[in-house]
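Descriptive structure summary
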Amino acid sequence: MITSESKEAALLTLLKSARGGFVSGSVIGDELSISRAAVWKRIGALKEQGYRIRAERSRGYSLLNEDGPAAPFNEIEIGAGLDTDIIGRKIHFYNKLNSTNITARKLAADGAPEGTVVVADSQDIGKGRLGREWHSPPGKNLYLSMILRPRTGPADAPVLTLILGVAVAEAVEEFTGLRPTLKWPNDLLIKGRKVAGILTEMSADMESIEHIVCGIGVNLNMKIADTPEELRSISTSLAEASGETVERAAFTRTLLKSLDSRYSSFMSEGPEPSLADWRRYFAAEGKEVTIKTLSGTISGLCVGVDAKGALLVRDLSGRVNTVSSGDMVLSEPGYRGDEYRGNR
Ligand code: BTN
């Protein structure tokens, strides 16, 4: 069955295949098995999603948008050619939301299937970890949340979050060629500046996870001038770091594929294969760190992460502390971990 949504996607594919040329209303009607009036309606729906389409009575319809960074950002573009097994099977796109995590949690509570993804062009109250704000202006970045329903217990949530961080790092590396580092638990840095963060929220009982909402913010095309003053020296964007404007839908597809493959590996093989890759992106092993936790501050030598995703810190007495949540600061010059606030 071709749904109305996929009819718009099919119409777009048809218009794109004409490469700026015209496609007649009758060809479109035949290909999509819809009436001329319905063609007109679908053209209107595409225009509402940001496509510029010229209509001429005798020639039909021609798409004026070009592919590339200026292409519209919406669920059709994100879904085009996306062949993931789980993540992104259903994509909800909004121009503006309070927070994609809030919307995804509502959808999850209403029974939305695993792999459902929520993307917004902008957020009014983008949420960061530890009650911070995530600066979320329109037209620039990626704000995405996905619903997961892993058949596992709540104790596995921290390591799963770490593994999703590997997926973000891989997508960034594949897309830009730049090698990011991961700051425990889940900040993605390029040259010591924060470019992406993950906020995981869970609904669970003692034994099983009802759902996890994993929210990911990636600074894609944000410029220094778009960044709040206090974040300017500590955050960056892929465009700033690579010198190239990022096509948001193309990056989102790369990210969804990477998340899909890491999540599938976690479910079938467990965390270890991905944890080994996480360690390769991790910059702080063998370095002096300080972690601020709810119960106090721990300082010492970072000796890695354990199989559950907790940070291992050897203190001056030689005792290895297992830290499962907190804010990590690397006490080395040149590393800006201690300054992070917001998209940081
Ligand atoms: C952090 O503090 O590093 C986590 C930031 C997570 C931000 C993302 S943007 C998409 C999703 N929706 C939110 O409100 N927050 C997350």
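Please refer to the structure higher up on the page.
All values reported here derive from a predicted model rather than from experimental measurement.

This part is about the overall build of the chain. What the chain contains, in helices and strands, is nine helices and 14 strands. By the compact-globule yardstick of 20 Å for 344 residues, the chain fits well, its C-alpha radius of gyration being 22 Å. Along the first, second and third principal axes, the C-alpha atoms of the chain reach 85 × 45 × 30 Å. A buried classification covers 53% of the 344 residues belonging to the chain. Put simply, 64% of the contacts in the chain that link residues at least 6 apart link residues at least 24 apart. Accessible surface computed for the chain: about 15600 Å², of which carbon and sulfur atoms make up 49%. Placing the 43 positive and 44 negative side-chain charges of the chain at their respective mean positions leaves the two points 4 Å apart.

Of the pockets and cavities examined, the largest pocket occupies roughly 540 Å³. Surrounding the largest pocket, 22 residues form its lining, Arg-129, Pro-185, Thr-200, Ser-324 and Ser-325 being those nearest its centre. At the level of elements, helix H6 (157-176), strand E8 (193-204) and strand E10 (288-293) are the ones that each hand at least two residues to the lining of the largest pocket. A total of five residues in the lining of the largest pocket trace back to one element, the largest contributor, which is E8.

Okay, the sheet that holds E10 next. In spatial order, the strands read E13-E12-E11-E10-E14; together these five strands make up an open sheet with antiparallel pairing. With partners counted over all chains shown, the strands left at the sheet margins are strand E13 (320-323) and strand E14 (327-330), one partner each. For this sheet, the mean angle separating the axes of adjacent strands, direction not counted, is 45°. In this sheet, strand E12 (residues 311-314) lies alongside strand E11 (residues 296-305) in antiparallel orientation, the contact comprising four bridges. Each residue of the ladder has a partner; that of Leu-301, found in E12, is Arg-314.

On to the pairing of E14, then. Along a regular strand, successive side chains alternate from one face of the sheet to the other. Residue alternation in E14 divides its side chains into two sets, Asp-327 and Val-329 and Met-328 and Leu-330, and both sets are buried. Direction of pairing for E10 relative to E14: antiparallel, over a ladder of four bridges. Directly across from Thr-290, in E14, lies its bridge partner Val-329.

Before going further, it helps to examine the packing of aromatic side chains. This structure, assessed with the given rule, holds four aromatic pairs. Look at Phe-73 and Phe-93: their rings are 5.3 Å apart centre to centre, the planes differ by 85°, and that puts the pair in the edge-to-face class. With Phe-73 in the loop between strand E2 (60-63) and helix H4 (75-79) and Phe-93 in strand E3 (residues 91-97), this pair connects stretches of sequence that are 20 residues apart. Phe-93 shares its class with Phe-73; the two are buried. The ring centre of Tyr-281 lies 4.0 Å from the NZ or CZ of Arg-179, which sits over that ring.

Procedures and definitions
- Residues numbered from 1 in each chain as written.
- Predicted model: local features only at pLDDT ≥ 70, side-chain atom pairs only at ≥ 80, totals over all residues.
- Heavy atoms only, no water.
- Helix = DSSP H or I, 4+ residues; strand = E, 2+ residues; numbered from the N terminus.
- Rg over C-alpha atoms; globule rule 2.2 N^0.38 Å.
- Buried < 20%, exposed > 50% of the residue type's maximum accessible area, 1.4 Å probe, protein only.
- Contact = heavy atoms within 4.5 Å.
- Areas by Shrake-Rupley, 256 points an atom, 1.4 Å probe, with all protein chains shown as cover.
- Lys, Arg positive; Asp, Glu negative; His and termini not counted.
- Charge placed at Lys NZ, Arg CZ, Asp CG, Glu CD.
- 1 Å grid on protein atoms, 1.4 Å probe; cavity = no way out; pocket = protein on both sides within 12 Å on 5 of 7 lines; lining within 4 Å.
- Points joined across faces, edges and corners; volume = space filled by probe spheres on them.
- Pairing = 2+ DSSP bridges.
- Axes fitted to C-alpha atoms, helices over the stretch in contact; angles between N-to-C directions.
- Phe/Tyr/Trp six-rings, centres within 6.5 Å; stacked < 30°, edge-to-face > 60°.
- Lys NZ or Arg CZ within 6 Å of the ring centre and 35° of its normal.

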